[in-house]
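# Report on the structure
Now for the letters of each chain:
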Amino acid sequence: MTSTANAINASFDPALPHDFARDIAPVAGLARIPLVLVVNNDLPVTSVADFIAYAKANPGKMSIASSGIGTSLHLSGELFKSLAGVQFTHVPHRGSAPGLTDVMSGQIHGMFDNVTSSFELVRAGKLRALGVTTRERSEILPDVPSIADTLAGYETSSFYGVGAPHDTPREIVDLLNREIAAALSDAEIKSRIAGLGAVPLHGNANAFGCMLTAETERWRKVVELSGIKKE
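Residues numbered from 1 in each chain as written. Predicted model: local features only at pLDDT ≥ 70, side-chain atom pairs only at ≥ 80, totals over all residues. Heavy atoms only, no water.

Bringing the overall build of the protein into the picture now. Broken down by element type, the protein carries nine helices and nine strands. Taking the principal axes of its C-alpha atoms as reference, the protein extends roughly 60 × 40 × 30 Å. Taking all 231 residues of the protein together, the buried fraction comes to 47%. Long-range pairs, those at least 24 residues apart, make up 75% of the contacts in the protein with a sequence separation of at least 6. (Helix = DSSP H or I, 4+ residues; strand = E, 2+ residues; numbered from the N terminus. Buried < 20%, exposed > 50% of the residue type's maximum accessible area, 1.4 Å probe, protein only. Contact = heavy atoms within 4.5 Å.)

Below, the structure is given as structure tokens:
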């Protein structure tokens, strides 16, 4: 399995014992997952523009949770800070669930989280969603606008896919790709993926390889922009 973490760690962790781009033969994408900016219900903001204005009016007083340093959740917040020109304190947690719990309780103001783990809390009214991180709205949260509608150039997401050892024969890679494509086209699996708020990733192995290259470069820029380093 390959994921956003691989693309991030390629530049975030220079001590890795492998070169992700060199050592992985891309096989197929599985799904892309939008993130969503959620806040505590008592925070007096109802939009991304409100959130930015509130953060600027309260410099250094805002807090944002994440599932850990160097995760897509953390870096999505760092990119937001840079593009919006705001400051808030990053509070890493051991996973998404503890972070969401602290946001709901009011200990933390907000969080960038995968829609797959937060959309039910939004629907239940336990969190307020301000914007999704992809340019397109999420089908599972259709009333939540894209952050890019307010903050030009902003875009992040998580993804999952399949890779193989770099020397895997091409006919094996293509066979795996075809089987995965068939699975992603299955009505039951499509419904399950959609029900989680994810978007299936279709395409051949070359297309997935191009996506991995683009994602690795995207996150390299965010890591450099944030200035964070592996501790």
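What the five strands build is an open sheet, ordered 5-4-6-3-7; its pairing is mixed. Bordering the open sheet on either side are strand 5 (89–92) and strand 7 (128–132), each of which pairs with just one other strand. Each adjacent strand pair in this sheet contributes to an overall mean axis angle of 30°, direction not counted. When strand 3 (residues 35–39) meets strand 7, the two strands line up antiparallel, connected through four bridges. (Pairing = 2+ DSSP bridges. Axes fitted to C-alpha atoms, helices over the stretch in contact; angles between N-to-C directions.)

A few words now on the sheet that holds strand 8 (residues 158–165). The strand order across the open sheet built from four strands is 1-8-2-9, with neighbouring strands paired in antiparallel fashion. Two strands close off the open sheet at either side, each with one partner strand: strand 1 (2–3) and strand 9 (199–200). Summarising the sheet, strand 2 (residues 24–33) and strand 9 pair through two bridges and their orientation is antiparallel. Within strand 9, the residue paired with Ala31 across the bridge is Pro200.

This structure, assessed with the given rule, holds nine salt bridges. A salt bridge links Arg22 to Asp23; its shortest N-O distance comes to 2.8 Å. Classification of Asp23 by relative accessible area gives partly exposed; the value is 22%. In this structure, the salt-bridge partner of Arg218 is Glu215, at a minimum N-O distance of 3.6 Å. Taken together, the residues span about one helical turn, with Arg218 and Glu215 both in helix 9 (residues 205–226) at a distance of three residues. (Salt bridge = Lys/Arg side-chain N within 4 Å of Asp/Glu carboxyl O.)

Looking now at the packing of helix 1 (residues 4–12) against helix 9. Where helix 1 contacts helix 9, the two axes come as close as 8 Å, and the packing angle between them is 50°. By the angle between their axes, helix 1 is oblique relative to helix 9. Two packed elements cross with a definite hand, and for helix 1 against helix 9 that hand is right-handed. Packed against helix 1, whose contacting residues are Thr4, Ala7, Ile8, Ala10, Ser11 and Phe12, the element helix 9 presents Glu215, Thr216, Trp219, Arg220 and Val223 at the interface. The class makeup of the residues in the contact of helix 1 with helix 9 is six nonpolar, three polar and two charged. (Parallel < 35°, antiparallel > 145°, perpendicular 65-115°, else oblique. Left-handed = near helix turned anticlockwise from the far one by under 90°. Nonpolar A, V, L, I, M, F, W, Y, C, P; charged D, E, K, R; others polar.)

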